[in-house]
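# Chains, contacts and geometry: an overview
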Amino acid sequence: MLYSLCKELAPSTAIQHALQGNFTSPTDIDLLVSKGNILEIYRVRSRSSSVDYNLSLHQKFTLQGVVTSMAFVRIGSTDSLLLTFKDAKMSLVEYSNKLQNLVTVSLHHYEKEDLRKDIQHKGAPVVKVDHLGRCAMMKFYNNQFAILPFKSDSVMRGEEEDLQKQFPFLPSYVVTESEIDQSIRHVIDFEFLYGYLEPTIAILYEPDQTFVGRLAHKKDTMCVVVISLNIFQKGYTILYRVNGLPHNCTHIQAVPNPIGGIMIYSHNAIIHLNQTHIPGLAAIVNPFFDMESHFKAPPVEEGPIIPVKNKPPSVYVRDNHFSDFKALGISLDGSHATFINPDTILLILRSGKMFEVELIGDEGTGRSWKRKRGGVKRINVKSLGLSITSPAGIVNFSKLNNFTQQQQLGLQTTMDSIRYFSNYIFIYSTVFNAILLQYSEPLELKYEVIQADGAEIMEEDELDDELYGGTGSKMKSSIKKKGVQLPIKYRVMDTILVTGPIRDISVGKPATYSSHKFEGELSEADLEITACAGYGAHGSLIVFNESIRPRIISSFDLAGVEDMWSVKVRPSNEKSHNSENDFHKFLVLSRENGTSVLATGEEFLELEQNEYYTAGPTVMVGTILNESLIIQIHPDGIVLLKSSGMRISETLIGSEERWIVSCSISDPYVGLLMNTDELIVFEVKDTFEISMVKELKTKVPVACITMYCDGKKKRHMPFLSECKQTHSNLQGKSAPANEPNDVNMTAADEMDDEDMDIYGESKDDMDIYGDSKDPVEIKADDTDLKDQITEIDEDSTPRHWCFTSNDDGCLIIYSVPDMVERFRVKDFYQGPRIVTDQAKPEFEMTNHKPYIEEIVIQDLGADSELEMPYLICRTKLFDIIIYKIIPVVDFDPKFSDDRLAIRLFRIEHTAITRELINYNDEEGDKLQPMAPPAPKRSFIKKAYLIPFTNVGDSSQLYSGVILNGKKPFWIMLKHSNTSEIPQMQLLEESEGRYSTPALASGSNCIRFHPMMIDGPIHAFAALNNVNVPNGFCYMNQKGLFRLCQLPLQFNYDYDWGICVVPLGRAARKLSYHMDSETYVMATSRACPFEIEKARYMAAVSAGVIDDGDELPDSEKKVSGIAETPAEREPGQYIPSIDLFQLELVSPITWETVDIVKMGATEQILTVEMVELASKENTSGRKMFIALGTGYMRSEDLACRGRLLVYDVNEVVPEIDNPQTNHKLKVFYSNEEKNPVTALCAVNGYLLAAIGMKIIMYAMEESSLNGVAFLDVNMFVVSLSSVKNFISISDVYKSVWFVVFQEDPAKLELLGKDLYPVEVSGAGFMISNSDLAIFVSDELQNLHVLSYEPYAVQSIGGRKLLRRGEMNLGFKIEACVSMRFRPTIKDGEMIASNQVGVIAGTIDGGLAMVTPVSEKLFKRLYCLYSRMVTHLEHHAGLNPRGYRQLKLPYKSIYSVSAVTGPPGPRGVLDGGLVYRYCNLSAGQQRDIAKAFGSRDDRIIDDLLEASLSLSYF
């Protein structure tokens, strides 16, 4: 039996949902983004010394369920988050700054049998919250509504039950759509409305469904009903209803005050309605509206009804109730909209084109932020001439307009002295990068001096004053000033990368950029994943690489080097900045018996005559006194040198029995750790004197030290006395949730008493525009931990700290230079999640050896404002533990004021940096570990954690720490980009609406990337050189000195390194040709459908004419093709079709070197690299590109196809382009009566799925001949093979398992899955002698099927047994089977006999499904069971319920080989078991001990599984 493990390699990037609010702090704006089961929190903040805003990743959480919707509700001073999950679950969570984690308040589930009965297709639950936070409503199971009331002042607290007093809500209740009204069926959308005293919702529904083919019989089937909810008495009242809306209405939108009402969006029109305007006003955006709808007339009593001239007679409106914008010719299907001011809507189409929709009222109602109540008389739609990402939704950052007075003054002078009101929206997408967009609206008119008739000018001025609230006086002279309304300007501020949807993936060799070869043991098995991603014009190729493959600039032999340091120093008398001083001038190389120095200029020259210490090894080299002096520490003392390398002084410290083993520098202090466990601190003074300031002899031996300078730019480690003062200030302070803005308050201030009586209090109704609310008290515990220190008086003198890790497992922080203890943590070696000061010293000597062997502290951040100190620890087993140091104010009053007010939070990561353990037993029990080789003895503690800064390209720089050793790892964080974001396109004259994009920002998240391609690394140093700017150098295991740069095309600010190759067209299929080392890609580009071409192709298909002949006049009419209309109405757009082409792409420059275009209606359905029998090679096999196509014309014409085989030939390249050395040549082409949907190679034969048949072809000379076939009676989506075994996956009937017999040629069915599964991807997995079929379906499930003819359940083998099943949480459409990474034994490479699967997801991620041994599976399954109950899961979710198989029907079968509780069966949930690595050492031991194992065995199992497919 085959067991397997499923693990997500690269997380999903497609953004399904987003919203903004004050989630982590009352004063900060947060953007919450959901990507499948990942919840990310971004901080929206201003850039350094700028009023522009960008995004920085604050925290990320993995949930045990896919988020289907989310909404904020204000409870207290911060927002609480409502999350919904399938099938019908809703969780209320909050953010705790004290824990830096999510806290689950409640979980509401409605998955009851009486609610789900008679429901065949369960829609995803959707939750929405009343604008005043009075209640939330969730729609689930398509026809059920759950209402969750929240407590308010109107609720009598004394009448509540004791159990309910602790919750911020009342008990929820469920109503069905039929209980509200019998006519409500098939709910499309619902929304809470503004301006009502009670929670009021509008429901869009379709009682009698129809579609385009039945419009002649039934149309205008949509209805809207507005209901007022009484949440305390659980009642509801219907306020009004509107029937006869267009059948293709997609969603509704609440219109905020002062206008109010509802916006309804259909494919062809925008409709506004409210209680006084029924059926409402329509803006028609294309001529198809008249064909599909009879928009009803308003009631007779409201005015005379007259037909509008030159309009279809079916449309009757009153004056000014009809807006004709048919000439725009746009479709609103898939569009999204948001209000950018009270009467202006920003509308973004599916294609990304941007429009503004204006709701124009009567004269005197004003415009924009001066708008008053008065209804809507006309709707205006205009194009902006801009295009942006294809939207999945829009988030409006209305609260970002709360600028300070100084910032407002700054904005007034930035744009031609015109005051602008700037705000932000976030446009997220599932197919392209999400964008933070700034829009700036002018707050005043721009006056132009003109000369005209005075009377006319006075009239225009009066109109401007009425519309815009001006108070200009009438001019009597002939020279007048005319006010011109400036357009709203838009600017891209930041982006979030989206790599989905992945349509196809291929594995190939990475491009070679250097003549120097890598020396790693498995460097030949180095591969990369390339994926087709994006949609339409946003299509691209995405290259994924987890490892870093450095670009080697130069390499030479420097044997014996054990450590190195690069030195960047400037002359002490230099006053002005010189760019040459940013270069490193020296490179110090330490060997076991000496030290050498290289001068790094145009060439690397060894300095024979230098005044460095060269008689022995060096402990450390650095700079001091603001990089003006060089300091060298050797075992016996300290050497101080000038910038030229001339020695200033030498201070001897050591002796034969006492020497320096480790040190750390914090300018101007140097901390030395002696072999006698003494800790000595020296200071280098401005007079170049070195003096000892403190010598500390600890009771417990010190294992390692590091020093840190705090306060260079910002204070991160304050004292308790400072925090107490801040705490008292915060407690005596109250702040409004939103700062008032005089621009926004105008509309609310001008509401009269009559409006108040009709609509109730509306001060809170304008919340989305930043109107002020009642002040709320902000508690210190509610605010962000790091932001609470901003009020501390920061002196200009930096503070210095010394961190020590002792042999007893304690972490102690001393102040420098007095070396007084300020912070102590017991059992720090265990790696707890939260580290707090314990103050009381406890000296408990233990017998264990030090677990933490090395610590380094470094400031990391996307920019100077985000820099925070990170403590990076290396354990004895080379595990990496990272802590983020954050100041706190929730202090213990018993602590003295001179203690540090900080807390350390562990950063979670899944990188396993230790090595595999070798075992003597071969049964997989892992009970007899081999003794590791004895480490090389050294009297100096070697540093494996090497900090670096500013490594990379000038546009993307990285800082962090590299882990040297046998498994080198980069621990890095990217700085903000210095390049612009080119995401906005100018489609036409933009009328001054477009501004230059801002600079991209980094995610502010630490990333782990291995670099094992060149083997172990002994030494590393960052090196900025004139020939290698922002580069680095290292020594590999063979003594080769490598001078390198990071690959410029890759972005390592993600879990995997990513290279994006924009195409501007959709990438459909991809395959790697191994012989030529090129990619073959199928792409498509949308083009208008032309009826003449369609008629001609239909005639060719019917055999009337041959392709290329002219169509005679007698045959102009072909059945199924309508006549070309004489004249199309303006705006009546025509459909588009995709034109396909086959491209040959070079992976070096990613340019297309050859193109083969397909026919007008011919679509490429499959592209595969196949190895066929050929006499051209001595091996008897040759690589070809097989191509299957289909002619998609119309439903009444038969679909044909072609089978093509291409050879990639090497040719003479172009003179100026060496990449054009390959061309595609047609080897075989044949017309088929059915489309060719899938292809694969089987032992030198070609297997093709043609229509409902599977045909096996044999190659004979230059042709293919069919030798066997099989009828499958279904559309085949995938073919895969192993030797002579074949899996056939169809669109409905799951998988067939077939064997091919060569002599005589025959395809024979062995077994098939008897249950319907809509297969989206399939492949083979092999574990020694076990074979299984990997299957993913449209419901995001994973199935593992096995052919076992001797099992009773298999009915003699005719039924494939299910040996594994799990819900993935994402859909897979592309996968590739790969043999496990080879192993090295006794210097020889041994190929594996196991095969796993690499898959790309629709959400833009990568996953792997790998077979594991039975004993490993049992150990990890025990771990999984413990992790389910041991961990606290966010939002109260159950991992077993999340991974349980989702079926459209009730399961009537069970997995025969696996029994037990619900959840994944036969497949391990890698997402949960790998969280074991982030637990503390004590928790790891307790969990492993609970099922009779050890923590080192468990982590070794996890490492073994993750390394199985680590080619990338």
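Computed from a prediction, not measured in an experiment: that's the story for all the values here.

Conventions used here
Residues numbered from 1 in each chain as written. Predicted model: local features only at pLDDT ≥ 70, side-chain atom pairs only at ≥ 80, totals over all residues. Heavy atoms only, no water. Helix = DSSP H or I, 4+ residues; strand = E, 2+ residues; numbered from the N terminus. Contact = heavy atoms within 4.5 Å. Areas by Shrake-Rupley, 256 points an atom, 1.4 Å probe, with all protein chains shown as cover. Pairing = 2+ DSSP bridges. Axes fitted to C-alpha atoms, helices over the stretch in contact; angles between N-to-C directions. Phe/Tyr/Trp six-rings, centres within 6.5 Å; stacked < 30°, edge-to-face > 60°. Buried < 20%, exposed > 50% of the residue type's maximum accessible area, 1.4 Å probe, protein only. Lys NZ or Arg CZ within 6 Å of the ring centre and 35° of its normal. pLDDT = per-residue confidence, 0-100. Core = buried A, V, L, I, M, F, W, Y, C linked by side-chain atoms within 4.5 Å. Polar contact = N/O pair within 3.5 Å; in protein donor to acceptor, adjacent residues only side chain to side chain. Parallel < 35°, antiparallel > 145°, perpendicular 65-115°, else oblique. Nonpolar A, V, L, I, M, F, W, Y, C, P; charged D, E, K, R; others polar. Expected span 1.5 Å × (residues − 1). Left-handed = near helix turned anticlockwise from the far one by under 90°. Patch = residues over 30% accessible without salt bridge, like charges linked within 9 Å, V, L, I, M, F, W, Y side chains within 5 Å. Salt bridge = Lys/Arg side-chain N within 4 Å of Asp/Glu carboxyl O.

What follows covers the overall build of the protein chain. Within the protein chain one finds 14 helices and 96 strands. For the protein chain, the proportion of contacts with a sequence separation of at least 24, taken over those separated by at least 6, is 60%. Carbon and sulfur atoms make up 49% of the accessible area of the protein chain, which totals about 62700 Å².

Here the focus is the sheet that holds strand β29 (residues 393-397). Taken in spatial order, the four strands make up an open sheet running β29-β30-β31-β34, and their pairing is antiparallel. Every other strand in the sheet has two partners, leaving β29 and β34 (489-496) as the edge strands with one partner each. Strand-to-strand twist of the sheet, defined as the mean angle between neighbouring strand axes without regard to direction, takes the value 25°.

With that out of the way, let us pick up the sheet that holds strand β6 (residues 67-75). Strand order in the open sheet made by the four strands is β6-β7-β8-β9, with antiparallel pairing throughout. The open sheet has two edge strands with one neighbour each: β6 and β9 (101-109). Strand-to-strand twist of the sheet, defined as the mean angle between neighbouring strand axes without regard to direction, takes the value 25°. Pairing analysis gives five bridges linking strand β7 (residues 78-85) to strand β8 (residues 89-96), with the strands arranged antiparallel. Bridged to threonine 84 within β8 is methionine 90.

All right, on to the packing of aromatic side chains then. Scanning the entire structure with this criterion turns up 37 aromatic pairs. Residues tyrosine 1245 and phenylalanine 1300 carry aromatic rings whose centres are separated by 5.0 Å and whose planes lie at 70° to one another, so their mutual orientation is edge-to-face. Taken as a pair, tyrosine 1245 in strand β80 (residues 1245-1250) and phenylalanine 1300 in strand β85 (residues 1295-1301) lie far apart in primary sequence, 55 residues in all. Judged on exposure class, the residue tyrosine 1245 and its partner phenylalanine 1300 are both buried. Measuring from centroid to centroid gives 5.9 Å for phenylalanine 1417 and tyrosine 1421, while their planes differ by 20°, and the two rings are stacked. Taken together, the residues phenylalanine 1417 and tyrosine 1421, both in helix α10 (residues 1414-1430) and four residues apart, mark about one turn of the helix. For phenylalanine 1417, a relative accessible area of 7% puts it in the buried group. The class of tyrosine 1421 is partly exposed, set by a relative accessible area of 21%. Put simply, the rings of Phe948, Trp970, Phe1020, Phe1032 and Tyr1034 touch in pairs and so form one group of aromatic residues. One Lys or Arg, lysine 128, reaches over the ring of phenylalanine 190 and ends 5.2 Å from the middle of that ring. Lying across the ring of phenylalanine 878, arginine 874 places its NZ or CZ 4.7 Å from the centre.

For any part of a model where pLDDT is low, the fine detail of the predicted coordinates should not be relied upon. In the predicted model, the protein chain carries a mean pLDDT of 83, and 82% of its residues have values of at least 70. Across residues 297-320, where pLDDT falls below 50, the model places 40 contacts with residues more than four positions away in sequence or in other chains. Residue range residues 1118-1125 is modelled with pLDDT below 50. Its contacts to residues more than four positions away, or to other chains, number 15 contacts.

Turning next to the nonpolar core. Of all hydrophobic cores here, the largest spans 32 residues; its most connected members are Leu541, Phe948, Trp970, Met972, Phe1020, Phe1032 and Leu1046. Apart from the residues within four sequence positions on either side, phenylalanine 1020 is in contact with Met564, Ile946, Phe948, Ile962, Asn964, Trp970, Phe1032, Cys1033 and Tyr1034.

Time to look at unusual backbone geometry. Residue proline 501 follows glycine 500 across a cis peptide bond; omega there is -10°. Residue proline 668 follows aspartate 667 across a cis peptide bond; omega there is 10°. In this structure, proline 668 sits in the loop between β47 (660-666) and β48 (669-674). Positive phi is not limited to glycine here, since phenylalanine 878 has a value of about 70°. The backbone phi angle of tryptophan 1150 is positive, close to 60°, even though this residue is not glycine. Turning to its location among the elements, tryptophan 1150 is positioned in the loop between β73 (1136-1145) and β74 (1152-1157). Judged by relative accessible area, which is 14%, tryptophan 1150 ranks as buried.

This part covers the side chain of serine 1003. Within the fold, serine 1003 resides in the loop between β65 (985-986) and β66 (1007-1010). The exposure class of serine 1003 is buried, given its relative accessible area of 12%. Of note is the side chain of serine 1003, whose polar atom sits 3.2 Å from the side chain of arginine 1007. Apart from the residues lying within four places of it in its own chain, the contact partners of serine 1003 are Ser56, Leu57 and Asp1053.

Next up on the list: helix α13 (residues 1481-1490). Of the positions making up α13, those classed as buried are Ala1481, Gly1482, Gln1484, Ile1487 and Ala1488. At its buried positions, α13 is contacted by α10 and α14 (1495-1507). Phi turns positive, to about 75°, at glycine 1492, one or two residues after α13.

Next up on the list: the pairing of strand β55 (residues 811-816). Of all six residues making up β55, six are buried, and the element is well covered by its neighbours. The alternating pattern of β55 places Leu811, Ile813 and Ser815 and Ile812, Tyr814 and Val816 on opposite faces, both of which are buried. Where strand β54 (residues 799-806) meets β55, six bridges bridge the pair, whose relative direction is antiparallel. Residue pairing in the sheet places cysteine 802 in a bridge with tyrosine 814 of β55. What sits between β54 and β55 in their antiparallel hairpin is a turn of four residues, with glycine 809 showing a positive phi close to 90°. Counted between consecutive antiparallel strands, the loop separating β55 from strand β56 (residues 820-825) contains three residues, among which methionine 819 sits at a positive phi close to 55°.

Right, let's talk about the packing of α13 against α14 for a bit. Where α13 meets α14, the closest approach of the two axes is 8 Å, and the angle between their N-to-C directions is 90°. Accordingly, the angle class assigned to the pair α13 and α14 is roughly perpendicular. Touching Gln1484, Arg1485 and Ala1488 of α13 are Asp1495, Ile1498 and Ile1499, all from α14. In terms of residue class, the contact of α13 with α14 is built from three nonpolar, one polar and two charged.

Glancing now at the environment of asparagine 626. Tracing the chain through its elements places asparagine 626 in the loop between β43 (620-624) and β44 (629-634). Among all residues touching asparagine 626, those that are not within four sequence positions of it are Arg570 and Asp667.

On to α10, then. The end-to-end C-alpha separation of α10 is 24 Å, in line with the 24 Å expected for 17 residues at 1.5 Å each. When α10 is considered as a whole, its buried residues turn out to be Leu1416, Phe1417, Arg1419, Leu1420, Leu1423, Tyr1424, Met1427 and Val1428.

By the criterion of burial, strand β40 (residues 586-591) is predominantly enclosed, with six of the six residues buried. As paired elements, strand β39 (residues 561-567) and β40 share six bridges and run antiparallel to each other. Counterpart to aspartate 563 in the pairing with β40 is serine 590. Across six bridges, the pairing between β40 and strand β41 (residues 594-600) is antiparallel. Residue pairing for β41: arginine 591 is matched across the bridge by glycine 594. Linkage of β40 to β41, two consecutive antiparallel strands, is achieved through a turn of two residues.

As a further point, take the packing of α10 against α14. One can describe the packing of α10 onto α14 by two numbers: an axis separation of 10 Å at closest approach and a directional angle of 115°. Classed by the angle they form, the pair α10 and α14 counts as roughly perpendicular. Seen along the crossing, α10 lies across α14 with a hand that is left-handed. Along its contact with α10, which presents Leu1416, Arg1419, Leu1420 and Leu1423, the element α14 presents Arg1497, Ile1498, Asp1501, Leu1502 and Glu1504. Looking at the contact of α10 with α14, its residues break down into five nonpolar, no polar and four charged.

Time to look at a nonpolar patch on the surface. A cluster of nonpolar residues, Phe1275, Val1277, Val1291 and Tyr1292, forms a patch on the protein surface that exposes about 340 Å² of accessible area. Relative to the helices and strands, phenylalanine 1275 resides in the loop between β82 (1263-1271) and β83 (1276-1282). In this structure phenylalanine 1275 comes out as partly exposed when scored by relative accessible area, which is 43%.

The next subject is the pattern of salt bridges. For the structure on display, the rule yields 54 salt bridges. For arginine 799, the salt bridge goes to glutamate 722, with nearest N and O atoms at 2.6 Å. Of this pair, arginine 799 sits in strand β54 while glutamate 722 sits in helix α6 (residues 720-731), and the two are 77 residues apart along the sequence. As far as the burial class goes, arginine 799 and glutamate 722 line up, both buried. The partner of glutamate 1143 in a salt bridge is arginine 1065, with the nearest N and O atoms 2.8 Å apart. One end of the pair, glutamate 1143, is in strand β73; the other, arginine 1065, is in the loop between β70 (1057-1062) and β71 (1066-1073), and 78 residues separate them in sequence. Arginine 1065 matches glutamate 1143 in its accessibility class, with the two residues each being buried.

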